[in-house]
Amino acid sequence: MITIYNESKLQNIIDSFTIDKIELEKIAAAFRRDIVLGLEGDSLSSFKMLQSYLALPTRTEKGQFIALDFGGTNVRALLIELLGDGKVNVIKKATKQLVTADYNYISASTTAESLFDFIANLILEVAGTDKEYLLGHTFSFPSMQTDLNNARLITWTKEFATTGVEGEVVNELLKAALERCGASNIKPVAVINDTVATLLAAAYKRDHTDIGSICGTGHNTAYLESYHGLAKPRMILNLESGNFDKLFTNPYDKMIDERSEKPGEQRMEKMVSGKYLGVLFYLAICDALELADKAVDFDGADLSVILSDQSQNLKAVHQLIKAKMAIELDEEMCVWIKAIAESVVIRSARLIATSYIAIIWHIDGNEFINEHTIAIDGSLFEKMPLYKEAMQKTMYEMIGEDAQKVHLMLENSGSGVGAAIAAAI
Ligand code: GLC
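Notes on the structure in this doc start here. Just so it is clear, the structure is predicted and the values come from calculations on it, not from any experiment.

Core analysis: the largest hydrophobic core is formed by 82 residues, its most contacted members being F281, I340 and M391. Excluding its chain neighbours within four sequence positions, the residues that come into contact with M391 are C215, A349, I352, A353, Y356, F381 and L408. One finds L79, F116, W156 and A177 within the second-largest nonpolar core, a separate group that totals 38 residues.

In C-alpha coordinates, the structure reads:
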(Lines give C-alpha, C1' and ligand atoms only; values in the text may rest on other atoms or scores of the structure.)
Protein backbone atom coordinates (compact mmCIF):
# COMPACT_ATOMS: atom_id res chain seq x y z
CA MET A 1 0.00 0.00 0.00
CA ILE A 2 1.44 3.39 -0.97
CA THR A 3 0.65 5.88 1.79
CA ILE A 4 3.62 8.25 1.87
CA TYR A 5 3.48 11.26 -0.33
CA ASN A 6 4.67 14.76 -0.72
CA GLU A 7 1.72 17.14 -0.97
CA SER A 8 3.60 20.07 -2.41
CA LYS A 9 5.04 17.89 -5.16
CA LEU A 10 1.57 16.58 -6.00
CA GLN A 11 0.20 20.11 -6.10
CA ASN A 12 3.07 21.16 -8.38
CA ILE A 13 2.20 18.39 -10.80
CA ILE A 14 -1.41 19.58 -10.92
CA ASP A 15 -0.26 23.19 -11.34
CA SER A 16 1.91 22.17 -14.27
CA PHE A 17 -1.29 21.15 -16.07
CA THR A 18 -3.24 24.27 -15.05
CA ILE A 19 -3.51 27.22 -17.44
CA ASP A 20 -4.92 30.53 -16.23
CA LYS A 21 -6.90 33.09 -18.19
CA ILE A 22 -3.91 35.31 -18.93
CA GLU A 23 -2.03 32.38 -20.46
CA LEU A 24 -5.11 31.41 -22.46
CA GLU A 25 -5.37 34.94 -23.82
CA LYS A 26 -1.75 34.82 -24.91
CA ILE A 27 -2.34 31.47 -26.57
CA ALA A 28 -5.46 32.80 -28.37
CA ALA A 29 -3.55 35.83 -29.63
CA ALA A 30 -0.70 33.65 -30.90
CA PHE A 31 -3.16 31.22 -32.52
CA ARG A 32 -4.92 34.09 -34.29
CA ARG A 33 -1.61 35.55 -35.44
CA ASP A 34 -0.56 32.15 -36.84
CA ILE A 35 -3.79 32.02 -38.88
CA VAL A 36 -3.05 35.41 -40.44
CA LEU A 37 0.58 34.47 -41.09
CA GLY A 38 -0.53 31.14 -42.53
CA LEU A 39 -2.94 32.87 -44.93
CA GLU A 40 -0.05 34.95 -46.17
CA GLY A 41 1.98 31.77 -46.69
CA ASP A 42 4.49 32.84 -44.01
CA SER A 43 6.58 29.89 -42.80
CA LEU A 44 6.58 31.29 -39.25
CA SER A 45 3.00 30.05 -38.91
CA SER A 46 2.67 26.63 -37.30
CA PHE A 47 -0.46 25.98 -39.40
CA LYS A 48 -0.47 24.20 -42.73
CA MET A 49 -3.64 26.04 -43.90
CA LEU A 50 -4.57 23.25 -46.30
CA GLN A 51 -7.03 24.09 -49.05
CA SER A 52 -10.06 21.81 -49.33
CA TYR A 53 -11.43 23.22 -52.61
CA LEU A 54 -14.86 23.09 -50.99
CA ALA A 55 -17.21 25.70 -49.56
CA LEU A 56 -20.37 24.73 -47.62
CA PRO A 57 -22.90 22.28 -49.13
CA THR A 58 -26.07 23.66 -50.74
CA ARG A 59 -28.15 20.86 -49.13
CA THR A 60 -29.38 19.77 -52.57
CA GLU A 61 -26.67 17.10 -52.80
CA LYS A 62 -28.38 13.72 -53.42
CA GLY A 63 -27.61 10.13 -54.46
CA GLN A 64 -25.81 6.98 -53.34
CA PHE A 65 -22.09 7.15 -52.66
CA ILE A 66 -19.31 5.09 -51.11
CA ALA A 67 -17.59 6.80 -48.19
CA LEU A 68 -14.22 5.70 -46.88
CA ASP A 69 -13.26 6.87 -43.41
CA PHE A 70 -9.53 6.41 -42.88
CA GLY A 71 -7.99 8.39 -40.06
CA GLY A 72 -7.18 6.09 -37.19
CA THR A 73 -6.67 2.42 -36.48
CA ASN A 74 -10.35 1.80 -37.25
CA VAL A 75 -11.10 2.05 -40.97
CA ARG A 76 -14.70 2.17 -42.15
CA ALA A 77 -16.37 1.88 -45.54
CA LEU A 78 -20.00 2.94 -45.93
CA LEU A 79 -22.66 2.95 -48.61
CA ILE A 80 -24.58 6.16 -47.97
CA GLU A 81 -27.63 7.70 -49.57
CA LEU A 82 -27.94 11.48 -49.40
CA LEU A 83 -31.58 12.54 -49.54
CA GLY A 84 -31.11 16.35 -49.40
CA ASP A 85 -31.75 18.91 -46.64
CA GLY A 86 -29.73 17.12 -44.01
CA LYS A 87 -31.39 13.73 -44.52
CA VAL A 88 -29.06 10.77 -44.81
CA ASN A 89 -29.47 7.01 -44.95
CA VAL A 90 -26.58 4.66 -44.17
CA ILE A 91 -27.34 1.57 -46.26
CA LYS A 92 -24.29 -0.58 -45.43
CA LYS A 93 -21.25 -0.31 -43.26
CA ALA A 94 -18.08 -2.38 -42.68
CA THR A 95 -15.25 -1.72 -40.24
CA LYS A 96 -11.78 -3.20 -39.81
CA GLN A 97 -8.92 -2.64 -37.39
CA LEU A 98 -5.53 -1.77 -38.88
CA VAL A 99 -3.73 -3.21 -35.87
CA THR A 100 -4.50 -6.51 -34.15
CA ALA A 101 -2.45 -9.17 -32.38
CA ASP A 102 -1.89 -10.82 -35.79
CA TYR A 103 -1.00 -7.89 -38.06
CA ASN A 104 -0.07 -4.21 -38.09
CA TYR A 105 -0.78 -2.05 -41.14
CA ILE A 106 0.50 1.19 -39.61
CA SER A 107 4.08 0.19 -38.78
CA ALA A 108 7.15 1.16 -40.81
CA SER A 109 7.56 -2.45 -41.90
CA THR A 110 4.25 -2.36 -43.84
CA THR A 111 4.12 -1.12 -47.43
CA ALA A 112 1.60 1.25 -48.99
CA GLU A 113 0.44 -1.55 -51.31
CA SER A 114 -0.50 -3.95 -48.54
CA LEU A 115 -2.22 -1.19 -46.53
CA PHE A 116 -4.30 -0.04 -49.50
CA ASP A 117 -5.09 -3.61 -50.63
CA PHE A 118 -6.49 -4.23 -47.15
CA ILE A 119 -8.61 -1.08 -47.41
CA ALA A 120 -9.78 -1.88 -50.96
CA ASN A 121 -11.06 -5.26 -49.77
CA LEU A 122 -13.01 -3.54 -47.03
CA ILE A 123 -14.61 -1.23 -49.61
CA LEU A 124 -15.55 -4.26 -51.69
CA GLU A 125 -17.53 -5.61 -48.75
CA VAL A 126 -19.98 -2.71 -48.97
CA ALA A 127 -19.81 -1.85 -52.67
CA GLY A 128 -19.57 -5.20 -54.48
CA THR A 129 -18.38 -5.25 -58.12
CA ASP A 130 -21.65 -4.86 -60.06
CA LYS A 131 -22.69 -1.25 -59.68
CA GLU A 132 -20.68 1.91 -60.38
CA TYR A 133 -20.15 4.25 -57.46
CA LEU A 134 -18.32 7.49 -56.80
CA LEU A 135 -16.23 7.33 -53.66
CA GLY A 136 -15.51 10.13 -51.19
CA HIS A 137 -12.48 9.56 -49.01
CA THR A 138 -12.10 11.10 -45.57
CA PHE A 139 -8.35 10.87 -45.13
CA SER A 140 -7.51 12.38 -41.76
CA PHE A 141 -3.88 13.27 -42.15
CA PRO A 142 -2.24 16.46 -43.41
CA SER A 143 -2.49 16.45 -47.19
CA MET A 144 -1.62 19.05 -49.78
CA GLN A 145 -4.36 19.38 -52.41
CA THR A 146 -4.36 20.92 -55.87
CA ASP A 147 -8.03 20.07 -56.40
CA LEU A 148 -10.79 18.14 -54.64
CA ASN A 149 -9.44 14.71 -55.60
CA ASN A 150 -5.70 15.24 -55.63
CA ALA A 151 -4.31 15.03 -52.09
CA ARG A 152 -0.70 14.24 -51.36
CA LEU A 153 0.15 13.09 -47.83
CA ILE A 154 2.61 15.61 -46.37
CA THR A 155 3.52 13.64 -43.26
CA TRP A 156 1.94 10.92 -41.17
CA THR A 157 0.65 11.95 -37.74
CA LYS A 158 -0.88 9.99 -34.82
CA GLU A 159 2.13 7.62 -34.81
CA PHE A 160 1.36 6.10 -38.24
CA ALA A 161 4.53 5.00 -40.04
CA THR A 162 3.54 2.80 -43.06
CA THR A 163 6.20 3.21 -45.75
CA GLY A 164 5.59 4.55 -49.23
CA VAL A 165 2.60 6.79 -48.44
CA GLU A 166 4.22 10.08 -47.37
CA GLY A 167 4.62 12.27 -50.44
CA GLU A 168 2.18 10.16 -52.49
CA VAL A 169 -1.27 11.00 -53.90
CA VAL A 170 -3.47 8.88 -51.66
CA ASN A 171 -6.38 8.38 -54.03
CA GLU A 172 -3.93 7.15 -56.70
CA LEU A 173 -2.76 4.49 -54.22
CA LEU A 174 -6.38 3.67 -53.47
CA LYS A 175 -7.38 3.55 -57.15
CA ALA A 176 -4.52 1.19 -57.96
CA ALA A 177 -5.48 -1.09 -55.06
CA LEU A 178 -9.16 -1.10 -56.14
CA GLU A 179 -8.06 -2.13 -59.63
CA ARG A 180 -5.80 -4.86 -58.22
CA CYS A 181 -8.73 -6.37 -56.38
CA GLY A 182 -11.11 -6.17 -59.35
CA ALA A 183 -13.18 -3.20 -58.14
CA SER A 184 -12.70 -0.69 -60.94
CA ASN A 185 -16.44 0.03 -60.68
CA ILE A 186 -15.57 2.28 -57.72
CA LYS A 187 -14.20 5.70 -58.64
CA PRO A 188 -12.46 7.78 -55.97
CA VAL A 189 -13.42 11.39 -56.76
CA ALA A 190 -12.86 13.41 -53.59
CA VAL A 191 -10.48 13.48 -50.63
CA ILE A 192 -11.20 15.51 -47.53
CA ASN A 193 -9.87 15.81 -44.01
CA ASP A 194 -12.12 14.61 -41.16
CA THR A 195 -12.45 18.18 -39.84
CA VAL A 196 -13.76 19.24 -43.25
CA ALA A 197 -16.06 16.19 -43.39
CA THR A 198 -17.47 17.00 -39.95
CA LEU A 199 -18.09 20.60 -40.97
CA LEU A 200 -19.79 19.53 -44.24
CA ALA A 201 -22.02 16.97 -42.53
CA ALA A 202 -23.17 19.48 -39.90
CA ALA A 203 -23.64 22.31 -42.39
CA TYR A 204 -25.81 19.94 -44.50
CA LYS A 205 -28.44 20.21 -41.77
CA ARG A 206 -27.78 23.30 -39.69
CA ASP A 207 -27.26 27.05 -40.32
CA HIS A 208 -24.31 29.08 -39.06
CA THR A 209 -22.00 26.06 -39.08
CA ASP A 210 -18.57 27.32 -40.09
CA ILE A 211 -16.09 25.41 -37.94
CA GLY A 212 -15.45 21.63 -37.86
CA SER A 213 -13.20 19.99 -35.34
CA ILE A 214 -12.01 16.62 -34.08
CA CYS A 215 -11.36 15.98 -30.38
CA GLY A 216 -10.53 12.28 -30.44
CA THR A 217 -7.41 10.20 -31.03
CA GLY A 218 -6.10 13.23 -32.88
CA HIS A 219 -7.01 16.88 -32.75
CA ASN A 220 -7.50 19.37 -35.56
CA THR A 221 -9.85 22.12 -36.75
CA ALA A 222 -11.06 23.45 -40.11
CA TYR A 223 -13.09 26.59 -40.76
CA LEU A 224 -14.74 28.45 -43.62
CA GLU A 225 -12.39 31.23 -44.66
CA SER A 226 -14.18 34.01 -46.51
CA TYR A 227 -11.81 36.66 -47.57
CA HIS A 228 -8.12 36.02 -47.48
CA GLY A 229 -5.05 34.95 -49.45
CA LEU A 230 -5.10 31.22 -50.01
CA ALA A 231 -8.87 30.89 -49.64
CA LYS A 232 -9.91 32.64 -52.83
CA PRO A 233 -12.56 31.64 -53.80
CA ARG A 234 -14.22 31.22 -50.41
CA MET A 235 -13.31 27.76 -49.11
CA ILE A 236 -12.88 25.59 -46.06
CA LEU A 237 -9.29 25.52 -44.83
CA ASN A 238 -7.83 22.72 -42.76
CA LEU A 239 -5.54 24.38 -40.23
CA GLU A 240 -3.84 21.17 -39.02
CA SER A 241 -4.07 22.98 -35.72
CA GLY A 242 -2.63 19.97 -33.88
CA ASN A 243 0.70 21.36 -35.03
CA PHE A 244 0.21 24.67 -33.15
CA ASP A 245 3.31 25.26 -31.05
CA LYS A 246 2.99 28.57 -29.16
CA LEU A 247 1.99 26.90 -25.89
CA PHE A 248 3.07 26.60 -22.27
CA THR A 249 4.48 23.09 -21.95
CA ASN A 250 5.46 21.09 -18.87
CA PRO A 251 8.10 18.34 -18.40
CA TYR A 252 5.64 15.57 -19.28
CA ASP A 253 4.79 17.26 -22.59
CA LYS A 254 8.48 17.40 -23.39
CA MET A 255 8.93 13.70 -22.56
CA ILE A 256 6.03 12.69 -24.81
CA ASP A 257 7.36 14.78 -27.65
CA GLU A 258 10.87 13.37 -27.36
CA ARG A 259 9.74 9.76 -27.47
CA SER A 260 7.18 10.22 -30.27
CA GLU A 261 7.55 9.17 -33.94
CA LYS A 262 7.92 12.86 -34.90
CA PRO A 263 9.58 14.98 -32.21
CA GLY A 264 8.92 18.71 -32.55
CA GLU A 265 5.76 18.18 -34.59
CA GLN A 266 2.09 18.21 -33.51
CA ARG A 267 2.89 19.87 -30.18
CA MET A 268 -0.69 20.92 -29.44
CA GLU A 269 -2.04 17.51 -30.45
CA LYS A 270 0.40 15.85 -28.04
CA MET A 271 -1.06 18.00 -25.21
CA VAL A 272 -4.73 17.61 -25.99
CA SER A 273 -5.68 14.50 -27.95
CA GLY A 274 -6.86 11.08 -26.85
CA LYS A 275 -3.78 9.39 -28.31
CA TYR A 276 -1.57 11.13 -25.75
CA LEU A 277 -3.68 12.09 -22.69
CA GLY A 278 -3.40 8.63 -21.10
CA VAL A 279 0.38 8.66 -21.49
CA LEU A 280 0.65 12.20 -20.09
CA PHE A 281 -1.37 11.07 -17.08
CA TYR A 282 0.81 7.97 -16.63
CA LEU A 283 4.06 9.97 -16.75
CA ALA A 284 2.64 12.44 -14.23
CA ILE A 285 1.57 9.75 -11.78
CA CYS A 286 4.89 7.89 -12.07
CA ASP A 287 6.43 11.16 -10.96
CA ALA A 288 3.81 11.65 -8.23
CA LEU A 289 4.33 8.14 -6.87
CA GLU A 290 8.07 8.20 -7.45
CA LEU A 291 7.92 5.05 -9.54
CA ALA A 292 10.01 4.08 -12.54
CA ASP A 293 8.34 4.45 -15.91
CA LYS A 294 7.45 0.93 -17.06
CA ALA A 295 5.55 2.14 -20.13
CA VAL A 296 2.16 1.03 -18.81
CA ASP A 297 -0.46 1.74 -21.40
CA PHE A 298 -3.14 4.16 -20.15
CA ASP A 299 -5.62 5.54 -22.67
CA GLY A 300 -8.51 7.96 -22.85
CA ALA A 301 -10.97 5.29 -21.74
CA ASP A 302 -8.96 4.80 -18.51
CA LEU A 303 -9.12 8.53 -17.80
CA SER A 304 -12.83 8.40 -18.37
CA VAL A 305 -13.14 5.60 -15.77
CA ILE A 306 -11.17 7.69 -13.26
CA LEU A 307 -13.16 10.86 -13.87
CA SER A 308 -16.47 9.00 -13.62
CA ASP A 309 -15.67 7.52 -10.21
CA GLN A 310 -18.02 9.29 -7.77
CA SER A 311 -17.77 6.63 -5.05
CA GLN A 312 -16.85 7.60 -1.50
CA ASN A 313 -13.56 5.66 -1.46
CA LEU A 314 -12.77 5.99 -5.20
CA LYS A 315 -13.00 2.27 -5.67
CA ALA A 316 -12.73 2.36 -9.47
CA VAL A 317 -9.57 4.50 -9.30
CA HIS A 318 -8.05 2.10 -6.77
CA GLN A 319 -8.88 -0.94 -8.89
CA LEU A 320 -7.69 0.52 -12.15
CA ILE A 321 -4.29 1.52 -10.74
CA LYS A 322 -3.97 -1.86 -9.07
CA ALA A 323 -4.81 -3.72 -12.27
CA LYS A 324 -2.50 -1.67 -14.48
CA MET A 325 0.43 -0.93 -12.18
CA ALA A 326 0.23 -3.69 -9.56
CA ILE A 327 0.22 -1.19 -6.67
CA GLU A 328 -2.34 -0.39 -4.01
CA LEU A 329 -3.12 3.23 -3.17
CA ASP A 330 -4.82 4.50 -0.03
CA GLU A 331 -7.91 6.66 -0.32
CA GLU A 332 -6.15 9.96 -0.04
CA MET A 333 -3.72 9.06 -2.79
CA CYS A 334 -6.65 8.02 -5.00
CA VAL A 335 -8.05 11.54 -4.50
CA TRP A 336 -4.75 13.02 -5.71
CA ILE A 337 -4.60 10.63 -8.67
CA LYS A 338 -8.10 11.61 -9.69
CA ALA A 339 -7.17 15.30 -9.38
CA ILE A 340 -4.16 14.74 -11.66
CA ALA A 341 -6.36 12.98 -14.22
CA GLU A 342 -8.82 15.89 -14.10
CA SER A 343 -6.08 18.45 -14.60
CA VAL A 344 -4.79 16.59 -17.69
CA VAL A 345 -8.27 16.36 -19.22
CA ILE A 346 -9.38 19.89 -18.34
CA ARG A 347 -6.23 21.41 -19.78
CA SER A 348 -7.04 19.70 -23.07
CA ALA A 349 -10.60 21.09 -23.13
CA ARG A 350 -9.41 24.61 -22.19
CA LEU A 351 -6.71 24.71 -24.87
CA ILE A 352 -9.07 23.55 -27.58
CA ALA A 353 -11.85 25.95 -26.51
CA THR A 354 -9.30 28.76 -26.63
CA SER A 355 -8.34 27.81 -30.17
CA TYR A 356 -12.03 28.01 -31.19
CA ILE A 357 -12.28 31.51 -29.73
CA ALA A 358 -9.16 32.52 -31.65
CA ILE A 359 -10.74 31.27 -34.90
CA ILE A 360 -13.98 33.12 -34.14
CA TRP A 361 -12.05 36.34 -33.44
CA HIS A 362 -10.29 35.83 -36.75
CA ILE A 363 -13.60 35.35 -38.61
CA ASP A 364 -15.58 38.11 -36.88
CA GLY A 365 -12.96 40.67 -35.91
CA ASN A 366 -12.85 42.36 -32.51
CA GLU A 367 -16.14 44.23 -32.47
CA PHE A 368 -19.01 41.78 -32.63
CA ILE A 369 -19.39 38.03 -32.30
CA ASN A 370 -21.89 36.36 -34.65
CA GLU A 371 -23.72 33.06 -34.16
CA HIS A 372 -21.41 30.10 -34.80
CA THR A 373 -21.95 26.38 -34.67
CA ILE A 374 -18.80 24.37 -34.16
CA ALA A 375 -19.35 20.78 -35.30
CA ILE A 376 -17.21 18.44 -33.22
CA ASP A 377 -16.52 14.73 -33.53
CA GLY A 378 -14.36 12.47 -31.39
CA SER A 379 -14.51 10.42 -28.24
CA LEU A 380 -13.12 13.11 -25.94
CA PHE A 381 -15.90 15.52 -26.78
CA GLU A 382 -18.54 12.81 -26.93
CA LYS A 383 -17.66 10.73 -23.90
CA MET A 384 -15.10 12.25 -21.56
CA PRO A 385 -16.66 13.44 -18.30
CA LEU A 386 -16.26 17.20 -17.62
CA TYR A 387 -14.97 17.85 -21.14
CA LYS A 388 -17.77 19.77 -22.82
CA GLU A 389 -18.51 21.70 -19.61
CA ALA A 390 -14.87 22.72 -19.31
CA MET A 391 -14.92 23.94 -22.91
CA GLN A 392 -18.05 25.97 -22.31
CA LYS A 393 -16.74 27.49 -19.07
CA THR A 394 -13.53 28.47 -20.85
CA MET A 395 -15.54 30.22 -23.54
CA TYR A 396 -17.42 32.23 -20.90
CA GLU A 397 -14.14 33.10 -19.26
CA MET A 398 -12.76 34.37 -22.58
CA ILE A 399 -15.74 36.14 -24.18
CA GLY A 400 -18.39 36.46 -21.45
CA GLU A 401 -22.06 36.41 -22.49
CA ASP A 402 -21.11 36.17 -26.17
CA ALA A 403 -20.30 32.53 -25.44
CA GLN A 404 -24.06 31.93 -25.75
CA LYS A 405 -23.75 32.56 -29.47
CA VAL A 406 -21.19 29.80 -29.90
CA HIS A 407 -22.77 26.36 -30.10
CA LEU A 408 -20.68 23.25 -29.60
CA MET A 409 -22.48 20.50 -31.51
CA LEU A 410 -21.65 16.81 -31.55
CA GLU A 411 -21.47 15.51 -35.14
CA ASN A 412 -20.48 11.89 -34.84
CA SER A 413 -21.25 10.60 -38.31
CA GLY A 414 -19.40 13.37 -40.08
CA SER A 415 -16.49 11.39 -41.48
CA GLY A 416 -18.79 9.13 -43.50
CA VAL A 417 -21.52 11.60 -44.40
CA GLY A 418 -19.04 14.39 -45.17
CA ALA A 419 -17.17 12.10 -47.58
CA ALA A 420 -20.45 11.29 -49.37
CA ILE A 421 -21.29 15.00 -49.61
CA ALA A 422 -17.83 15.73 -51.05
CA ALA A 423 -18.27 12.95 -53.61
CA ALA A 424 -21.68 14.41 -54.53
CA ILE A 425 -20.21 17.88 -54.97
C1 GLC B 1 -4.27 14.53 -36.90
C2 GLC B 1 -4.20 14.71 -38.42
C3 GLC B 1 -5.33 15.60 -38.90
C4 GLC B 1 -6.66 15.06 -38.40
C5 GLC B 1 -6.64 14.89 -36.88
C6 GLC B 1 -7.93 14.29 -36.34
O7 GLC B 1 -4.04 15.75 -36.29
O8 GLC B 1 -2.94 15.28 -38.77
O9 GLC B 1 -5.33 15.66 -40.31
O10 GLC B 1 -7.69 15.94 -38.77
O11 GLC B 1 -5.56 14.05 -36.52
O12 GLC B 1 -8.17 13.03 -36.86
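Residues in close proximity to the ligand total 15 residues, the closest being K158, N193, D194, E240 and E269. Measuring from an oxygen atom of the ligand, one finds a side-chain N or O atom of N220 at 3.0 Å. Relative to its free-state accessible area of 310 Å², the ligand is covered by the protein chains to the extent of 98%. Those elements that provide at least two residues to the shell around the ligand are α5 (194-203) and β10 (219-225). Class assignment for the residues of the shell around the ligand results in 3 nonpolar, 8 polar and 4 charged.

Counting buried positions along strand β5 (residues 133-139) yields 6 of 7 residues, so the element is predominantly enclosed. Where strand β2 (residues 62-70) lies against β5, 5 bridges are found, and the strand directions are parallel. Each bridged residue has a counterpart across the sheet, and for I66 the counterpart in β5 is L135. The sheet contact formed by β5 and strand β8 (residues 186-192) spans 6 bridges and is parallel. Across the sheet, Y133 pairs through a bridge with I186, a residue of β8.

Moving on: the state of the cysteines. Tallying each qualifying case throughout the model produces 0 disulfides. Take C286: it sits in no disulfide, and the sulfur closest to it among the cysteines is that of C334, at 15 Å.

Remark: a regular strand shows side chains that alternate across the two faces of the sheet. Bridge analysis of strand β3 (residues 74-84) against strand β4 (residues 87-97) gives 10 bridges, and the strand direction is antiparallel. From the neighbouring strand, L78 faces β4, where its bridge partner is K93.

What counts and how
Residues numbered from 1 in each chain as written. Predicted model: local features only at pLDDT ≥ 70, side-chain atom pairs only at ≥ 80, totals over all residues. Heavy atoms only, no water. Core = buried A, V, L, I, M, F, W, Y, C linked by side-chain atoms within 4.5 Å. Buried < 20%, exposed > 50% of the residue type's maximum accessible area, 1.4 Å probe, protein only. Contact = heavy atoms within 4.5 Å. Near = heavy atom within 4 Å. Polar contact = N/O pair within 3.5 Å; in protein donor to acceptor, adjacent residues only side chain to side chain. Areas by Shrake-Rupley, 256 points an atom, 1.4 Å probe, with all protein chains shown as cover. Helix = DSSP H or I, 4+ residues; strand = E, 2+ residues; numbered from the N terminus. Nonpolar A, V, L, I, M, F, W, Y, C, P; charged D, E, K, R; others polar. Pairing = 2+ DSSP bridges. Disulfide = S-S within 2.5 Å.

Just geometry here; none of it tells us what the structure is for.
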